[in-house]
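Below, each chain spelled out in residue letters.
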Amino acid sequence: MTYLRLIFPNIEWGNIASDIQSRKVLQLRPDISFTQRLEHDELQTLSAHNTALDGQIDGFLYVPDLNRNDACYNLSQTYFPQNVTRQANLPASDFKLVALAPWINMDCTLSYMKAARSNPVRAFLFYLPDNTTIQPPPKDSPVWNLEDDGSWKAANSYPVYAIPSDTGSQLMYQLSLYSGNMTSVPNGHAISAMSGVDPRDYVRLYTQIRVQQDMGILPMWIFVLAFLAILFGLLGIASATMHVRQRSRRRLLVKRTEVNNSHACPVDIKTHHIEATYIAPPDLSQSHRMSSHNSVPYYDNIS
C-alpha cells in the first residue's frame, strides 16, 4: 500500500484559472511531499466484502464525519487533530475515497462505518490507537469482535482493513497538514510555483492499495457466473464444430456428385415404333352350333 500527495484542480475556480477539462491530477515529487509505502504483510484484512477482483483500491484519504449527537463524537476528538481532512475539504465531485479512523471501541467503530456509507468509499482503514509498530492482530482476534456475528461486513459496501498503529497515527497527522489551501500545506509556495499549478488548487493525501484476492472468500455468485461462462463456451465450441463438419461434408458430397456426373457414359436412347395389328374376335354363334352338333343327346331317365 502506498500513500502519496496529489494535486488536482479546484473545480470552483475552473472557469477563472483555466479550462478544467484540460488540466490533470498531478503527483508531487517525494522530495517536496509526503510519501510512504506499507508492505502487504502489514495490512490485515478484516472484511473483503466487495473487494475489486483485481485487488486494486484507490482513493483520497479522509476521516468520516460523525453526528454531533453521537456518543463517539467528543470521544474521538482526543485521538487525532481537529483539522484532519474531511469530506468538506475535498472537491465537490465524485472522487473515490478511502476512509481512515481509529478503532476506539465497538460503538465508535460502528458509527464510523455508518457515516462512511453515504460517501463514495472504496475501503476503510482502521488502526488501534496504542501507538505500536507491530502488525495488527489477525481477523479472528477478539479485538475486532463487534458482537453481531459479523453482520457488519454485509451491512457495508466496502472492504475493511487494519494497519499498524503507528502508521495510522502518522497518516492522521499528515491529513491535518494537507487539509487547507495550497499555501498552507508543507512546501506550499514551492508547489504553487510549479508549472501548470494554480495556487487555488488542492493538495491532498491519496492512497493506492493492492491486496491479494483470496479465492476462498469470493462470493458464490462469482463461481456460478464462471461455471456458466465455461459451460456456454463449451456449448458454443461444440455447436460451431458441428456446423463446420456438416458444411464440409455437404461440400464433399456435392463435389463427388459433380465428378460422377462428368465420368458417366452417355446412353443412346432410341424410339421404336410398333405397328398395331387388328385381331378380329372369334364367331361365338358358329362355335356354339358346332358344339351342339357334335355333342351327345341327353335323355331323361323315365322310370
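Chemist: Whenever I open this one, the overall build of the chain confuses me. Can you help?
Modeler: Along its length, the chain carries eight helices and nine strands. Of the contacts formed within the chain by residues at least 6 apart in sequence, a portion of 81% connects residues at least 24 apart. Total accessible area computed for the chain in this model is approximately 20,100 Å², and 55% of it derives from carbon and sulfur atoms.

Chemist: How do you make sense of the pairing of strand E7 (residues 121-127) when you look at a structure like this?
Modeler: Successive side chains on a regular strand alternate, one facing one side of the sheet and the next facing the other. In terms of burial, E7 is largely enclosed, as six of its seven residues are buried. You can see the chain leave strand E6 (residues 97-102), run along helix H3 (residues 106-116) and come back into E7, and the turn it takes is right-handed. Across three bridges, E7 lies against strand E8 (residues 160-162) in parallel orientation. Directly across from phenylalanine 124, in E8, lies its bridge partner valine 160.

Chemist: Is there a simple way to explain H3 in this structure?
Modeler: At 3.6 residues per turn, the α-helix brings residues three or four places apart onto the same side. If you check which residues of H3 are buried, you get Cys108, Thr109, Ser111, Tyr112, Met113, Ala115 and Ala116. Contacts from the buried residues of H3 go to strand E5 (56-62), helix H2 (71-76), E6, E7, helix H4 (151-155) and E8. The opening residue of H3 is asparagine 105, an N-cap whose side-chain oxygen sits 3.2 Å from the backbone nitrogen of aspartate 107.

Chemist: What should I look at first to understand the side chain of glutamine 44 in this one?
Modeler: In this structure, glutamine 44 sits in strand E4 (residues 44-47). A polar contact is formed between the side chain of glutamine 44 and the backbone oxygen of proline 137, at a distance of 3.5 Å. In this structure glutamine 44 touches Gln135, Pro136, Pro137, Pro138, Lys139, Val160, Tyr161 and Ala162, once residues within four positions along its chain are discounted.

Chemist: I would appreciate a short explanation of the packing of aromatic side chains in the present structure.
Modeler: The description of an aromatic ring pair uses the distance of the two centres, along with the angle that the planes make with each other. Summed over all chains, the structure comprises five aromatic pairs. Look at phenylalanine 60 and tyrosine 206: their rings are 4.8 Å apart centre to centre, the planes differ by 80°, and that puts the pair in the edge-to-face class. Taken together, the residues span a long stretch of sequence, with phenylalanine 60 in strand E5 and tyrosine 206 in strand E9 (residues 202-210) at a distance of 146 residues. Judged on exposure class, the residue phenylalanine 60 and its partner tyrosine 206 are both buried. Between tryptophan 103 and tryptophan 144, the ring centres sit 4.9 Å apart and the planes meet at 85°, which makes this aromatic pair edge-to-face. With tryptophan 103 in the loop between E6 and H3 and tryptophan 144 in the loop between E7 and H4, the pair connects residues that are 41 residues apart, well separated along the chain. Tryptophan 103 gets classed as buried once you look at its relative accessible area, which sits at 5%. A residue is classified by how much of its surface remains accessible, and tryptophan 144, at 5% relative accessible area, is buried.

Chemist: Got a minute to help me understand the pattern of salt bridges in this structure?
Modeler: Pairing is possible between side chains of opposite charge, provided their charged atoms come close. Within the structure shown, the criterion is met by two salt bridges. Between aspartate 58 and arginine 210 there is a salt bridge, with its nearest N and O atoms 3.7 Å apart. Of this pair, aspartate 58 sits in strand E5 while arginine 210 sits in strand E9; the two residues are 152 residues apart in sequence, bridging distant segments of the chain. In this structure, aspartate 65 engages arginine 86 in a salt bridge whose closest nitrogen and oxygen atoms are separated by 3.5 Å. Separated by 21 residues along the polypeptide, aspartate 65 in the loop between E5 and H2 and arginine 86 in the loop between H2 and E6 bring together distant segments of the chain. The partly exposed category is assigned to aspartate 65, whose relative accessible area is 41%.

Chemist: Which parts of the structure should I look at to understand the confidence of the model for the chain?
Modeler: Any segment with low pLDDT has predicted coordinates that should not be analysed in fine detail. Of all residues in the chain, 68% attain a pLDDT of 70 or more, and the chain-wide mean is 76. No element of the chain has a lower mean pLDDT than helix H1 (residues 14-17), which averages 40, and none a higher one than H3, which averages 96. For the stretch residues 13-26, pLDDT sits under 50, and the model shows 26 contacts to residues farther than four places along the chain or on other chains.

Chemist: I would appreciate a short explanation of the environment of leucine 97 in the present structure.
Modeler: Tracing the backbone through its elements, the reader meets leucine 97 in strand E6. Not counting the four nearest positions on each side in its chain, leucine 97 is found in contact with Gly59, Phe60, Tyr62, Gln87, Leu90, Asn119, Pro120, Val121, Arg122 and Ala123.

Chemist: Where do I start with a nonpolar patch on the surface in this structure?
Modeler: The grouping of Val224, Leu225, Phe227, Leu228, Leu231, Phe232 and Leu235 at the surface amounts to a nonpolar patch, some 670 Å² of accessible area in total. Checked against the element boundaries, leucine 231 lands in helix H7 (residues 220-263).

Chemist: What is the right way to look at the state of the cysteines in this model?
Modeler: Throughout this description, disulfide means a covalent bond between two cysteine sulfur atoms. Throughout the structure, instances matching the rule amount to one disulfide. Cysteine 72 shares a disulfide with cysteine 108; S-S distance 1.9 Å. Between cysteine 72 and cysteine 108 the sulfur-sulfur dihedral comes to about 115°; the bridge is accordingly right-handed. Of the two residues, cysteine 72 sits in helix H2 while cysteine 108 sits in helix H3, which places them 36 residues apart along the sequence. Judged by relative accessible area, which is 1%, cysteine 72 ranks as buried.

The rules behind the values
- Counting from 1, residues in each chain are numbered in the order their sequence is written.
- Per-residue local features of the predicted model are confined to residues with pLDDT of at least 70, and side-chain atom pairs are confined, for both listing and counting, to 80 or more; whole-chain, interface and lining totals are unaffected and use all residues.
- Only hydrogens and water are set aside; all other atoms, that is, all heavy atoms of the structure, feed into the side-chain values.
- Runs of E in the DSSP output that reach at least two residues are strands. Runs of H or I that reach at least four are helices, and both are numbered from the N terminus.
- Contacts are assigned to residue pairs that have any heavy atoms within 4.5 Å of one another.
- Computed with a 1.4 Å probe, the accessible areas rest on the Shrake-Rupley method; for each residue, only the protein chains presented here act as cover.
- Only protein chains enter the calculation, and the probe is 1.4 Å; a residue is then buried if its accessible area is under 20% of its type maximum, exposed if over 50%, and partly exposed in between.
- When the strands point away from the viewer and the connection leading from the first strand across the helix to the second strand turns clockwise, the crossover is called right-handed.
- Should DSSP find at least two bridges between two strands, the strands are taken to pair.
- Here a polar contact is recorded for every N or O atom pair within 3.5 Å, except that within protein the pair must consist of a potential hydrogen donor and a potential acceptor, and residues adjacent in sequence are included only if both atoms are side-chain atoms.
- Aromatic contacts are taken between Phe, Tyr and Trp rings whose centres are within 6.5 Å, Trp giving its six-membered ring; a plane angle under 30 degrees counts as stacked, one over 60 as edge-to-face, and the others as tilted.
- Definition used for salt bridges: Asp or Glu carboxyl oxygen within 4 Å of a side-chain nitrogen of Lys or Arg.
- You can read pLDDT as the predictor saying how much it trusts each residue, on a scale of 0 to 100.
- Within the patch definition used here, like charges are joined within 9 Å and nonpolar side chains (Val, Leu, Ile, Met, Phe, Trp, Tyr) within 5 Å, considering only residues with over 30% relative accessible area and no salt bridge.
- The disulfide criterion is simple: two cysteine sulfur atoms within 2.5 Å.

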